[in-house]
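Next come the chains, spelled out residue by residue.
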Amino acid sequence: MDDATVEALGLLSRALETTQRARGRLYDFHQLTGGADKTVGEAVRRLREAGHDEQADLVEREVQGTDVLPGMWTFQIVEAYDEGYHRRFTEVERRVRDALSGGRDHIAEAEMKQRRETT
């Protein structure tokens with residue numbers, strides 16, 4: 001395989017790996033936001049116990065269990081990314097790799113390993 005193709009496939013692979021990291025950050029966002037919402041619920045309960053029903057109502061109405069983006073909870077953001085951009089990118093990267101390298105992955109790294117082991 002020529003060097004330009006190896007380089008292009010390496011760049012595409014690196015970009016896909018970056019989307020994997022971004023996907024992980026979305027899961028972090030989902031879990032952190034969910035944890036915060038659970039803590040908000042505890043704060044609402046404690047506000048009520050302390051006799052601050054008006055403030056508890058405000059927090060409950062405006063924050064607890066509300067959309068983080070219009071019409072979306074965090075799990076929906078994760079699902080939209082997974083089912084849309086990430087799935088499409090993964091499938092396209094595989095199709096390109098199949099067409100140009102017979103499905104082999106990490107070609108640039110494999111070549112580097114081979115060069116380093118033989119020198």
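Everything below is about the structure shown above.
What comes next concerns the included structure. (Residues numbered from 1 in each chain as written. Predicted model: local features only at pLDDT ≥ 70, side-chain atom pairs only at ≥ 80, totals over all residues. Heavy atoms only, no water.)

**Quick notes on the overall build of the protein**
This is how it is decided: By the criteria applied, helices consist of DSSP H or I runs no shorter than four residues and strands consist of E runs no shorter than two, each listed in order from the N terminus. It is over C-alpha atoms that the radius of gyration is taken, and the globule rule equals 2.2 Å times the number of residues to the power 0.38. Buried, partly exposed and exposed residues are distinguished by accessible area as a fraction of the type maximum, computed with a 1.4 Å probe on protein chains only: under 20%, between the cut-offs, and over 50%, respectively. Should any heavy atoms of two residues lie within 4.5 Å, those residues are considered in contact. Under the convention used here, Asp and Glu are negative, Lys and Arg are positive, and both His and the chain ends fall outside the count. Think of each charge as sitting on NZ of Lys, CZ of Arg, CG of Asp or CD of Glu.
For the protein, the count of helices and strands is four helices and zero strands. Listing every helix and strand of the protein by position from the N terminus yields α-α-α-α. Since a compact globule built from 119 residues should have a radius of gyration of about 14 Å, the 23 Å found for the protein marks it as more spread out than a globular shape. For the protein, the spread of C-alpha atoms along the three principal axes comes to 75 × 30 × 15 Å. Relative to its full complement of 119 residues, the protein shows a buried share of 19%. The long-range fraction of contacts in the protein, counting pairs at least 24 apart against all pairs at least 6 apart in sequence, stands at 64%. When the 18 positive and 24 negative side-chain charges of the protein are each reduced to one mean point, those points stand 5 Å apart.

**Let's talk about the pattern of salt bridges**
The test is simple: The working definition used for a salt bridge is a side-chain nitrogen of Lys or Arg within 4 Å of a carboxyl oxygen of Asp or Glu.
Applying the stated criterion across every chain yields a total of twelve salt bridges. The salt bridge involving Glu-60 is made with Arg-48; its shortest N-O contact spans 2.8 Å. With Glu-60 in helix H2 (residues 53-62) and Arg-48 in helix H1 (residues 3-49), this residue pair connects regions lying twelve residues apart in the sequence. By relative accessible area, which is 36% here, Glu-60 ends up partly exposed.

**Looking at the layout of surface pockets**
Cut-off, in case you're wondering: For each structure, a 1 Å grid was placed over the protein atoms alone; sets of points admitting a 1.4 Å probe that cannot get out are labelled cavities, open sets with protein on both sides within 12 Å along at least five of seven lines are labelled pockets, and lining residues have an atom within 4 Å of a point. Grid points are joined across faces, edges and corners, and a volume is the space filled by probe spheres set on the points.
Empty space within the largest pocket amounts to approximately 220 Å³. Residue lining of the largest pocket: 13 residues in total, with Thr-33, Gly-34, Asp-37, Thr-66 and Val-68 positioned closest to the centre. At the level of elements, H1 and helix H3 (74-101) are the ones that each hand at least two residues to the lining of the largest pocket.

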